[in-house]
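Commentary on secondary and tertiary structure
Each chain, written out:
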Amino acid sequence: MLPATFKLCAAISYRHLRNMTGLRRQAAVAISQELSKLACRGTGPSTWINQVRRRSSLLSSRLEEKPFSEMEMSYIKQGEEALQKSLSILGDQDGWKTETVVDNGDKVQSKVLPDVGKVFRLEVVVDQPLDAVYSELVDNVEQMGDWNPNVKEVKILQKIGKDTVITHEKAAATAGNIVGPRDFVSVRCSKRRGSTCVLAGMSTKYGAMPEQEGFVRAENGPTCMILRPLPGSPSQTKLIWLLSIDLKGWLPKTIINQVLSQTQVDFANHLRERLARTVAVNC
């Protein structure tokens, strides 16, 4: 016979079922049924204690799960699509034209895609380990306006699971107001696989963030950053940034091309300065 306390646990589990619905109820039902089976089999004390611990842990994890809504699943799918499309673009090595090469080796290339338009690819090496770069670009994304003059503000509007966020970004006007203030609403996803990190995104619709007065609502995507340790030098990070953006408005293509390629070069320099200051403060 099992101790009375074990039977009591099973009885309590059944009483709690009346207050549960959906996935949580299903998980609780499964656990309670297993508890009852154990009670009937008369398993020894040491065995049933371990069984209860394992099933209680499973029940707790199931109860903590929050099923995604249809809209949240839609955002997750958009982020995945942006990631796959970006990797497909970067994987095609043909047709890239050099736009800018800096003395330190930073390089911007571009090409025109039929279904996307003109895209830009930045390749740089940052003298900081991957984790530091990843933390700045993902964990501290809302602080980007503090160190990148081309960005006024980045705000996370919603987090969806571990990998997906909805953001609102305000871009500063360019020098001389050649390109006025723009803003973007984007879905972003981040994936880490071994020593490679991929940060992807694209524009999306978000009802709680309509067009803002004083800003032109521009669109981006698919966009993507790939971070990898530099081969043979794990204290350095190779960063590749695919930029695809529609600034909207009446702007000559020559100006757009110049602004976007320079924006990428400036970003790399500002990122280096930010990371250098962060390391100095932490030392």
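In what follows, the accompanying structure is described. Remember, predicted model here, so these are calculated numbers, not experimental data.

With that settled, consider unusual backbone geometry. Cis peptide bonds are those with omega within 30 degrees of zero, and the linkage from Gly221 to Pro222 qualifies with 0°. The backbone phi angle of Lys248 is positive, close to 65°, even though this residue is not glycine. Within the secondary structure, Lys248 is located in the loop between strand 11 (233-246) and helix 7 (253-282).

The biggest cluster of nonpolar side chains holds 31 residues, and the ones touching the most others in it are Val133, Leu137, Leu227, Leu239 and Leu271. Put simply, the parts of the chain that give this core at least two residues each are strand 3 (117-126), helix 5 (130-139), helix 6 (144-147), strand 4 (151-160), strand 7 (196-203), strand 10 (223-230), strand 11 and helix 7. Residue contacts for Leu227: discarding those within four places in its chain leaves Leu130, Val133, Tyr134, Leu137, Ser195, Thr196, Cys197, Leu199, Thr237, Lys238 and Leu239. Counting 13 residues, the second largest nonpolar core, distinct from the first, contains Val119, Cys189, Ala200 and Ile226.

The final tally for this structure, using the stated rule, is three aromatic pairs. Residues Tyr75 and Tyr206 carry aromatic rings whose centres are separated by 6.2 Å and whose planes lie at 40° to one another, so their mutual orientation is tilted. Of this pair, Tyr75 sits in helix 4 (residues 70-91) while Tyr206 is found in the loop between strand 7 and strand 8 (216-217), placing the two residues 131 residues apart along the sequence. Arranged with centres 6.0 Å apart and planes meeting at 45°, the rings of Trp147 and Phe267 form a pair that is tilted. Of the two residues, Trp147 sits in helix 6 while Phe267 sits in helix 7, which places them 120 residues apart along the sequence. Taken individually, Trp147 and Phe267 each receive the classification buried, so the pair is uniform in this respect. We note Arg121 situated over the ring of Trp96; from NZ or CZ to the ring centre the distance is 4.3 Å.

The next subject is the packing of helix 5 against helix 7. Where helix 5 contacts helix 7, the axes come no closer than 11 Å and their chain directions differ by 110°. If you check the angle between helix 5 and helix 7, you find them roughly perpendicular. Counted together, Ala132, Val133, Glu136 and Leu137 of helix 5 and Phe267, Leu271, Arg274, Leu275 and Thr278 of helix 7 form the full contact between these two elements. Across the contact of helix 5 with helix 7, the residue classes break down as six nonpolar, one polar and two charged.

Time to look at the layout of surface pockets. Size it by volume and the second largest pocket reaches roughly 650 Å³. Forming the walls of the second largest pocket are 30 residues, and the residues nearest its centre are Glu219, Ile245, Asp246, Leu247 and Lys248. Contributing elements (two or more residues each) for the lining of the second largest pocket: strand 3, strand 9 (219-220), strand 11 and helix 7. Residue contributions to the lining of the second largest pocket peak at four residues, all from helix 7.

About the thresholds
- Residues numbered from 1 in each chain as written.
- Predicted model: local features only at pLDDT ≥ 70, side-chain atom pairs only at ≥ 80, totals over all residues.
- Heavy atoms only, no water.
- Helix = DSSP H or I, 4+ residues; strand = E, 2+ residues; numbered from the N terminus.
- Core = buried A, V, L, I, M, F, W, Y, C linked by side-chain atoms within 4.5 Å.
- Buried < 20%, exposed > 50% of the residue type's maximum accessible area, 1.4 Å probe, protein only.
- Contact = heavy atoms within 4.5 Å.
- Phe/Tyr/Trp six-rings, centres within 6.5 Å; stacked < 30°, edge-to-face > 60°.
- Lys NZ or Arg CZ within 6 Å of the ring centre and 35° of its normal.
- Axes fitted to C-alpha atoms, helices over the stretch in contact; angles between N-to-C directions.
- Parallel < 35°, antiparallel > 145°, perpendicular 65-115°, else oblique.
- Nonpolar A, V, L, I, M, F, W, Y, C, P; charged D, E, K, R; others polar.
- 1 Å grid on protein atoms, 1.4 Å probe; cavity = no way out; pocket = protein on both sides within 12 Å on 5 of 7 lines; lining within 4 Å.
- Points joined across faces, edges and corners; volume = space filled by probe spheres on them.

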